[in-house]
Amino acid sequence: MNVAPDKKPGTVISNLSDSYRLSILIFLILALVPVFARYGAEGFILDLVNRAIILALAAIALDLILGFGGMVSFGHAAFIGIGAYITAIMVTEGFGEALIIFPIVVVVSTLFALITGIICLRTSGVYFIMITLAFGQMLFFAASSLSTYGGDDGLTIWGNVTILGSDIFADDVGIFYISLGFLIAGLFLVQTLVGSRFGRVLRAAKENETRISALGYNVLRVRLTAYVIAGVIAGIAGFLHTSQAEFVSPATMRWQHSGELIIMVALGGMGTRNGTLIGAFAYVLLIQALSDFTQDWKLIFGPLMVLAVLSKNGGIGRFFAYVKGGRNRA
Amino acid sequence: MKRYFLAAATAVGVMSGSVALAKPVKIGMLITLSGPPAVLGKQLRDGFQLAMEKLGGKLGDKTTELIIEDDELKPDVAISKAKSLVGRDKVDFVVGTVFSNMLAAVFKPIIKSNTFLISPNAGPSVFAGKNCNPLLFVTSFQNDQNFEVLGKHAEQQGFKSVFLLAPNYQAGKDAVNGFKRQFSGKIVDTVFTKLGQKDYSAEIAKLAAAKPDALFTFMPGGMGVRFVKQFRAAGLADKMTFLSAFTVDEATLPAQKDAALGFFGGASWAPNMKTPGNAEFVAAFEGKYGYVPSVYAMQGYDTAMLLDSVIRKVGDNLSDKKAVRNALRAADFKSLRGNFKFNTNQFPVQDYYLMKVAKRADGKFQTEIDRKIFSAAGDFYAKDCKMSW
Amino acid sequence: MSTTLFLVQVLNGLQLGVLLFLIAAGLTLVFGVMGFINLAHGVQYMVGAYFAVAFYALTQNFLLTVILASASALLLGLLFEVLIFRHLYDRDHLDHVLATFGIILFLNQATTVLWGPEPLVIPEPDFLSGSIPLVEGLLYPVYRLAIIAVGLAVAGLLWFMVTRTKLGMLVRAGATNLEMVSALGVNIRRLFMLVFGFGAMLAGFAGVLSAPIFSVEPGMGDDILIVAFVVIIVGGIGSIRGAFIAALVIGLVDTLGRSMMTDILKLFMDASAANQIGPALASMLIYVLMAAILFFKPTGLFAPGKTA
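Reading guide: rules and limits
Residues numbered from 1 in each chain as written. Chains lettered and ligands numbered in written order. Predicted model: local features only at pLDDT ≥ 70, side-chain atom pairs only at ≥ 80, totals over all residues. Helix = DSSP H or I, 4+ residues; strand = E, 2+ residues; numbered from the N terminus. Buried ≥ 20, exposed ≤ 12 C-beta atoms within 10 Å, placed from the backbone. Contact = placed C-beta atoms within 7 Å. Rg over C-alpha atoms; globule rule 2.2 N^0.38 Å. Nonpolar A, V, L, I, M, F, W, Y, C, P; charged D, E, K, R; others polar. Expected span 1.5 Å × (residues − 1). Bend = angle between axes of the 7 residues up to and from the residue. Pairing = 2+ DSSP bridges. pLDDT = per-residue confidence, 0-100. Axes fitted to C-alpha atoms, helices over the stretch in contact; angles between N-to-C directions. Parallel < 35°, antiparallel > 145°, perpendicular 65-115°, else oblique. Left-handed = near helix turned anticlockwise from the far one by under 90°. Domains from an automatic or database assignment.

1. Topic: the overall build of chain A
Within chain A, the secondary structure is distributed over 13 helices and 2 strands. Burial analysis of chain A (330 residues in total) assigns 55% to the buried set. Here the analysis covers contacts within chain A between residues at least 6 apart in sequence; of these, 77% occur between residues at least 24 apart.

Printed below as a string of structure tokens:
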């Protein structure tokens, strides 16, 4: 991804105000979804958009390491699985309090990211892709063998996640706004990081690792930090996933799921402010629309992906920015 | 999603009637129609649609809209499709699913919406015992029961030693436990394989070395095709008795052919069963779809007939959940299986048979009833279900 | 476990290994020479098997089927190369992943639509249909022995081509330094097309060979693709020798793991716990192996010079 020449070299967002406004617009629209959903098929629309929000949260975390850091992780869904399974198991065992579950999700995701990150980051390029895939697969098989907790069938959550005794997580609208809140916070966090000195080093290391090392930065440490942050955010997405779907299964961690997250990031144009957000929503909604249209939707979606790649110049996010901004093509 | 209006011919009549009558019955069918396991979903769907066709495109003499959704065997897709059926289409019944893990996924959203969920195939133990639910009916079996048939048979035959082989997932473990519940002889080894495994040569070598009297296995779909062929090629078919469930049936026999000849399975129905209307069903099915119906097709057919009886009884009061439940529980329809009623946990009470693979005169393969193993059997978990009737 | 049983399992591992090699060979060359990640390589394997079903129905002759199906796989591979892949060689890896993933979706669904979701099979040829007794009570199908023989023969042929012919020299040179090869005036585009088509044909050939023993079904290439990737990563990208050794190692580790893991665990724990953990551990084994190898050798065992 080329960083466009800019008045302020080093900032990734070439047109801060415009893209910033777009973010706000997207979030406003999302915030209004429950209001309008009431006049249509409420449960269905809320569920669809809520799932997209949770996936978008995991995808912007992936964008931090993939789009900005150049690390193509093919095991990102494993972190969603960690958060999802911890939440499901805690609720099943009668500890549904979010204030207990949440810190555990964060700590376990951090530990898993630290351990695997240290090993994975010894490699680069396609070897990195494959070693992250390997860890994802290990976790997938481990979850499949958890027969106490549903094994391969997955686990239906009979209780609810609660917070200080409140059942807000069990409410469709409640969990929707909670997810949206996390998405906004997640995007804000990632953007702040990317704009900081840490983020500049991360992005610069993607372009030229040797030079950044020569400048005295510890590239490995910067990358590991980014990897851990991305893992934790995805873990939180898993926590939200279980709260929303009230179900978890090893399928959450399949390599195909990690692949879907990569598609969302790439579809939106990596390393842009709103790209991943738009990519995730486009992906979920497009598939919904196509599968409404025909059971053989993959016959259409597959070639669409090929065409998008053949004709693209940086994903629909960039396309969007291009159409909107005109003068500020990124 | 595809919507099938099977009652176009009656539309005029409906429009001339009162407005209240014009609202059609909506059935949402949520089954697996993607990937190799789609063959089971296809059989279910064909069986269900054949029944509707026989009933003039209606259920309970009312215009019926059948909405068919594919869960793609992915839990998140299944959940989203389930929510779309109950939230967007507002169906009166959801008929689904084919696989237990999909049922576990869609159970809560459907039950939460206060919609009846009728499973035409999946019957996992988790919903049969203490988590049984007034809104869930299963028209097929409780998963363990088909496995118990073989265990009982092995016990009655006095097999000294049996080798157990199943894929490493929940249903595979259920298979092993169900078999062991009825069999008291020696289990020489229990081997779990990878789900969807391609090559069974390693397991077959172990099996040959163990020299058991019989093998009991559960290898549904493509796994069964591969395993049966490899088992036969290794020359083990002459050395031990092949007992199985969901491994040699009409869904896999077109590919297994002679390799499965003489192998045993367990089920509640077979195409050659002499129950009222069964021969007609099989003939009509083969005439329309061009393949031999399996137990899945029968279950699809029976499920449609059950719903027909319910809608006929309840009439326009489908929102009266209690009336619908009572009509469902009455199971007032002629099952192709013969004896059929619901247990206290709303799973079936029915007969189970030992099946044997046979070649028909026309060269096609089917399972045929060897002998009856259980009569009017309920399942092991029903005693934990505290539902009031 | 007795020695003879162990030897049978080694034979089984070898057979899996050579099939993996046939798939991995094309993958590693395409990756090594062109730097192209081809996820659609697995569907080439599937398509080969479906072509086998189609041509067998037409000809009822196994040898003819092998030739026709392999040739069709070659043509399909070339078609994709010309229409799509050649426009993507200079893009980044992510674009490769996206485009080839789109092809997977399309072809998996297309086979479902054309042939139905049912598992299909073709019989093995008559002259290879027998079995020979290896261990008491176990017959080993001649066809499986033939697969091992054919796989080893193809490996030998490939080795000869890569090390002893001009084309092979270019391929090897291409895997280390592409600019130099192109500077020597070689038509890179044609070299790419050749390598790509050849790799696609080998994967299709593997699909044809496996059709009589495995079932032919939509999506059958997806899982084997991931294992083939493990093979080329462990072997080192672009190395035929590495792919060969890694394929055999992975084949053996996977087969022996499946047959022995649970028994080994039973020495330490009770049977039900071993049955619980053993199969999961056996499934993980090849990934653990790959992670461990990459930890010590971050570019695989036999990577030819260049890092990808």
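2. So, the overall build of chain B
Of regular secondary structure, chain B possesses 13 helices and 15 strands. Computed over its C-alpha atoms, the radius of gyration of chain B comes to 21 Å, within 12% of the 21 Å expected for a compact globule of 389 residues. Expressed along its principal axes, the backbone C-alpha trace of chain B runs to roughly 70 × 45 × 35 Å. The buried share of chain B, taken over its 389 residues, is 61%. Long-range contacts, defined here as pairs at least 24 residues apart, represent 72% of the contacts in chain B between residues at least 6 apart.

3. Focus on the interface of chain B and chain C
It is common to give the size of an interface as the accessible area that goes away when the parts come together. On the side of chain C, 32 residues touch chain B, which itself brings 33 residues to the contact. Those elements that place two or more of their residues in the side of chain B that touches chain C are helix H3 (38-54), strand E9 (186-193), helix H8 (201-210), helix H9 (222-233) and helix H10 (253-256) of chain B. Split into classes, the residues belonging to the side of chain B that touches chain C amount to 13 nonpolar, 11 polar and 9 charged.

4. A short note on helix H2 (residues 42-68) of chain A
Residues and elements named next belong to chain A. Look at H2: 37 Å from first C-alpha to last across 27 residues, which is about the 39 Å you get at 1.5 Å a residue. Maximum bend of H2: about 35°, positioned at Leu-62. H2 sits mainly inside the fold: 25 of its 27 residues count as buried. Where H2 ends, the next residue or the one after it, Gly-70, has phi of about 70°, a positive value.

5. Focus: the interface of chain C and chain A
Between chain C and chain A, the contact holds 39 residues from the first and 33 residues from the second. Those elements that place two or more of their residues in the side of chain C that touches chain A are helix H4 (93-115), helix H9 (220-235) and helix H11 (271-296) of chain C. Sorting elements by how many residues they give to the side of chain C that touches chain A places H4 of chain C first, with 15 residues. In the side of chain C that touches chain A, the residues fall into 29 nonpolar, 9 polar and 1 charged.

6. Side note on the pairing of strand E15 (residues 365-377) of chain B
Residues and elements named next belong to chain B. Of the pairings in the sheet, the one linking strand E14 (residues 348-359) to E15 comprises 9 bridges and is antiparallel in character. In the sheet register, Ala-358 faces E15, and the bridge partner there is Gln-366. As consecutive antiparallel partners, E14 and E15 are separated by 5 residues, and within that stretch Gly-363 has a phi angle of approximately 90°, a positive value.

7. As for the confidence of the model for chain A
All names here are of chain A. Across chain A, pLDDT averages 86, with 89% of residues at or above 70. Below pLDDT 50 for its whole length, residues 1-13 participates in 15 contacts with residues either more than four positions away or in separate chains. Taken together, the stretch residues 317-330 has pLDDT below 50 and engages in 25 contacts with residues farther than four places along the chain or on a different chain.

8. Considerations on unusual backbone geometry
Cis geometry is adopted by the peptide bond preceding Thr-97 of chain B, which originates at Gly-96 of chain B and carries an omega value of 10°. For Thr-97 of chain B, the position within the fold is in the loop between strand E5 (93-95) and helix H5 (100-112).

9. Overview of the packing of helix H3 (residues 62-83) of chain C against helix H8 (residues 188-210) of chain C
Residue and element names in this part refer to chain C. With their axes 8 Å apart at the nearest point, H3 and H8 run at an angle of 140° to one another. One finds that H3 runs oblique with respect to H8. Between H3 and H8 the crossing geometry is right-handed. Only Met-193, Phe-196, Gly-197, Ala-200, Met-201, Gly-204, Phe-205 and Val-208 of H8 make contact with H3, whose side of the interface consists of Thr-65, Val-66, Ala-69, Ser-70, Ala-73, Leu-74, Leu-76, Gly-77, Leu-78 and Glu-81.

10. Observations regarding the domain arrangement of chain B
Residues and elements named next belong to chain B. Each assigned domain of chain B is listed with its residue range as follows: domain 1 (2-141 + 274-342) and domain 2 (144-267 + 352-377). Listed per partner, the contact involves 15 residues of domain 1 and 16 residues of domain 2. Elements with a contribution of two residues or more to the side of domain 1 that touches domain 2: H3 and helix H12 (295-314). Among the residues forming the side of domain 1 that touches domain 2, the class breakdown is 10 nonpolar, 5 polar and no charged.

11. A closer look at the environment of Tyr-127 of chain A
Mapped onto the elements, Tyr-127 of chain A comes out in helix H5 (residues 125-144). A count of 23 C-beta atoms within 10 Å places Tyr-127 of chain A in the buried class. Along the primary structure Tyr-127 of chain A and Val-72 of chain A are separated by 55 residues, whereas in three dimensions their C-alpha atoms are 9.7 Å apart. Here Tyr-127 of chain A is in contact with Ile-233, Leu-294, Pro-298 and Thr-299 of chain C, once residues within four sequence places are set aside.

12. Examining the packing of helix H6 (residues 143-157) of chain B against helix H7 (residues 170-182) of chain B
All names here are of chain B. At a closest axis distance of 7 Å, the pairing of H6 and H7 adopts a crossing angle of 40°. Between H6 and H7, the crossing angle belongs to the class labelled oblique. The way H6 lies across H7 gives a crossing that is right-handed. Mapping the contact onto sequence places Asn-143, Asp-144, Phe-147, Glu-148, Leu-150, Gly-151, Lys-152 and Glu-155 in H6 and Ala-171, Asp-174, Ala-175, Asn-177, Gly-178, Phe-179, Lys-180, Arg-181 and Gln-182 in H7. Here the contact of H6 with H7 is composed, by residue class, of 5 nonpolar, 5 polar and 7 charged.

13. A word on the confidence of the model for chain B
Residues and elements named next belong to chain B. For chain B, per-residue confidence averages 90 on the pLDDT scale, and 94% of positions sit at 70 or higher. In this model, residues 1-20 is a region of pLDDT below 50 whose contacts with residues beyond four sequence positions or in other chains number 27 contacts. Scoring of the predicted complex yields 0.86 for pTM and 0.86 for ipTM.

14. Let's talk about the environment of Ile-163 of chain A
All names here are of chain A. Here Ile-163 is to be found in the loop between strand E1 (155-156) and helix H6 (172-195). By C-beta crowding, Ile-163 is classed as partly exposed, having 16 other C-beta atoms within 10 Å. If we skip the residues at most four places from it in the chain, Ile-163 touches Ala-98, Leu-99, Ile-168 and Phe-169.

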